[in-house]
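Fold and geometry: a report
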Amino acid sequence: MEAGSIVESAMTAVGIVVMLCSFWFLSVKRMTADLAVIWEITGMMLIVMAVISRVCGWGVGLQGMEEPVLIVLGVAGLFAGYQFSLLISSLLMKNQELAINLSMLQGEDRRHQDREKNLLIILPVKNEEKNIGKVLDQLSQPEMQATADILCINDASSDASGKIIDGYPCVQIENVFGLGYGSALQLGYKYAVRNHYQYVIQMDADGQHDPCNVPLIYKKLQENCRNGMAPDIVLASRFMEGSTKFRVSVWKRFAFGLFRTMIHAVTGRRIADPTTGLQGLSRRAFTYYAKYNNFDHQYPDANMVMQMLLLGFQVTEMPAVMHARTDGKSMHSGLEPVRYMLRMVLSVLTVVFRMKVLKFNAHDLV
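Now for a quick tour of the structure. Computed from a prediction, not measured in an experiment: that's the story for all the values here.

**Quick notes on the side chain of Q307**
Relative to the helices and strands, Q307 resides in helix α11 (residues 302-310). Of the residues examined, Q307 reaches a relative accessible area of 1% and is grouped as buried. Of note is the side chain of Q307, whose polar atom sits 3.2 Å from the backbone oxygen of N294. When near neighbours in sequence (up to four residues on either side) are disregarded, Q307 contacts K29, Y288, Y289, N294, V351, R354 and M355.

What follows is the structure, encoded as structure tokens:
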């Protein structure tokens, strides 16, 4: 076999191994999704380069080289990089959990005193000084205050969000540094568990989730489904009959359609809005989410819906009133939607692999 052909075959084999290993380590939660995506792309590029090299005949120029040395050096470099990625992933995961618990400890003296309510509203906040006041104005109305406590997770905002929140009757916990949307939510779940709430409603602080949905979601959480069981998760949908019209880009419509198809193919359930951030959770659900490594720290969307359905949690939907963002910057701006799409597709696939092939189960459900 010619030297160029050997190198091309080695590149193809290494590319396949890299992609499979990345998928495996993400499935067993030993690698973060961001690093897994990078390695999946690296493996794909190796395969594509090998194919192009073979088709175009570029490998002929390698005949005078010591191809075994080239292959060994390449594989050794990738292996070292891979081990470094696993180490970084382990440190990031542990650091994330440690930072969440540290933020929780700092917020212990700010807990709701003489709490008699069983509903907690969680609002992750990141640089929302133009929007958070309008949201809290509505949530601070007497009828809402009589029903629910409010917890704002300030994810190290660099604007005046924290000062604005301090002016309202709610608890604010400030993260020690920016932990991300998913970590802010998980901090809220841990707070709800420690303070013995029975229900949680999570909503965004950018004004897109109308507070008028809160009493409807709360009521839905307490109703029995067709199977006679109360729901564990209530998804407030933008795309059901009765929902307000909500315009989305062609790119997002494609993503939503793909996630709906994946969820239906695996679970048999048709979920109209698998990426909604407006959700209600029972104590059973948020207690599960609060535990280490049970929740996506960055983008908990369709992957979490898939996971909870496969674990047997009761998931239902209801129409919702939502509005387009008018101020501030969305976390899905710029090139972020592309990264999000790659990450979410990979995350959903690993959830299916973890549940269906590795037979992961919620043995510690409460």
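The rest of the description comes next.
**Some words on unusual backbone geometry**
Positive phi, normally seen in glycine, also occurs at A156, with a value near 55°. Mapped onto the fold, A156 is located in the loop between β2 (148-154) and α6 (161-166). Exposure remark for A156: the relative accessible area of 31% places this residue in the partly exposed category. Phi is positive for H196, which is not a glycine, with a value near 65°. Within the fold, H196 resides in the loop between α7 (181-194) and β4 (199-202).

**Focus on the packing of helix α9 (residues 250-267) against helix α12 (residues 336-357)**
For the pair α9 and α12, interaxial distance at closest approach is 11 Å and the crossing angle is 5°. It follows that α9 is roughly parallel to α12 by the angle criterion. Between α9 and α12, the contacting residues are W251, F254, A255, L258, F259, M262 and V266 on the first element and P337, V338, Y340, M341, M344, V345, V348, L349, V352 and K356 on the second. Split by residue class, the contact of α9 with α12 holds 16 nonpolar, no polar and one charged.

**As for the pattern of salt bridges**
Inspection of the entire model under this criterion finds seven salt bridges. For D149, the salt bridge identified is with K117, shortest N-O distance 3.2 Å. Here D149 is found in strand β2, whereas its partner K117 is found in the loop between α3 (67-106) and β1 (119-125), with 32 residues between them in sequence. Looking at D149, the relative accessible area reads 7%, which means it is buried. Two residues, R343 and D296, come together in a salt bridge whose shortest N-O distance is 3.1 Å.

**Focus: helix α10 (residues 283-290)**
Burial runs high along α10: six of the eight residues are buried. Among the structural elements, α7, β4, β5 (233-237), β6 (279-282) and α11 are those in contact with the buried residues of α10.

**A word on the state of the cysteines**
Applying the stated criterion across every chain, the model contains zero disulfides. Of the cysteine sulfurs around C152, a residue in no disulfide, the closest is that of C170, at 4.0 Å. When its relative accessible area of 0% is taken as the criterion, C152 is described as buried. By relative accessible area, which is 18% here, C170 ends up buried.

**Some details on a nonpolar patch on the surface**
Residues I41, M45, M49, W251, V338 and L342 make up a contiguous nonpolar surface patch of about 560 Å² in total accessible area. At the level of elements, α2 (33-56) and α12 are the ones that each hand at least two residues to the nonpolar patch. Here the element with the most residues in the nonpolar patch is α2; it accounts for three residues. On the secondary structure map, V338 appears in helix α12.

**Description of the packing of aromatic side chains**
Inspection of every chain in the model, using the stated rule, returns twelve aromatic pairs. Taken together, the ring pairs in this structure connect F23, W24 and F353 into an aromatic cluster. Over the face of the ring belonging to F313 we find R284, whose NZ or CZ atom lies 4.5 Å from the ring centre.

**Thoughts on empty space enclosed by the protein**
Scanning the entire structure with this criterion turns up one cavity of 30 Å³ or more. Taken as a whole, the largest cavity encloses approximately 60 Å³ of empty space. Residue lining of the largest cavity: L185, Y189, Q202, I233, Q279, Y289, F295, P300, D301, M304 and V305, and that is the complete set. Those elements giving two or more residues to the lining of the largest cavity turn out to be α7 and α11. Looking at side-chain class alone, the lining of the largest cavity contains eight nonpolar, two polar and one charged residues.

Cut-offs applied
Residues numbered from 1 in each chain as written. Predicted model: local features only at pLDDT ≥ 70, side-chain atom pairs only at ≥ 80, totals over all residues. Heavy atoms only, no water. Helix = DSSP H or I, 4+ residues; strand = E, 2+ residues; numbered from the N terminus. Buried < 20%, exposed > 50% of the residue type's maximum accessible area, 1.4 Å probe, protein only. Polar contact = N/O pair within 3.5 Å; in protein donor to acceptor, adjacent residues only side chain to side chain. Contact = heavy atoms within 4.5 Å. Axes fitted to C-alpha atoms, helices over the stretch in contact; angles between N-to-C directions. Parallel < 35°, antiparallel > 145°, perpendicular 65-115°, else oblique. Nonpolar A, V, L, I, M, F, W, Y, C, P; charged D, E, K, R; others polar. Salt bridge = Lys/Arg side-chain N within 4 Å of Asp/Glu carboxyl O. Disulfide = S-S within 2.5 Å. Patch = residues over 30% accessible without salt bridge, like charges linked within 9 Å, V, L, I, M, F, W, Y side chains within 5 Å. Areas by Shrake-Rupley, 256 points an atom, 1.4 Å probe, with all protein chains shown as cover. Phe/Tyr/Trp six-rings, centres within 6.5 Å; stacked < 30°, edge-to-face > 60°. Lys NZ or Arg CZ within 6 Å of the ring centre and 35° of its normal. 1 Å grid on protein atoms, 1.4 Å probe; cavity = no way out; pocket = protein on both sides within 12 Å on 5 of 7 lines; lining within 4 Å. Points joined across faces, edges and corners; volume = space filled by probe spheres on them.

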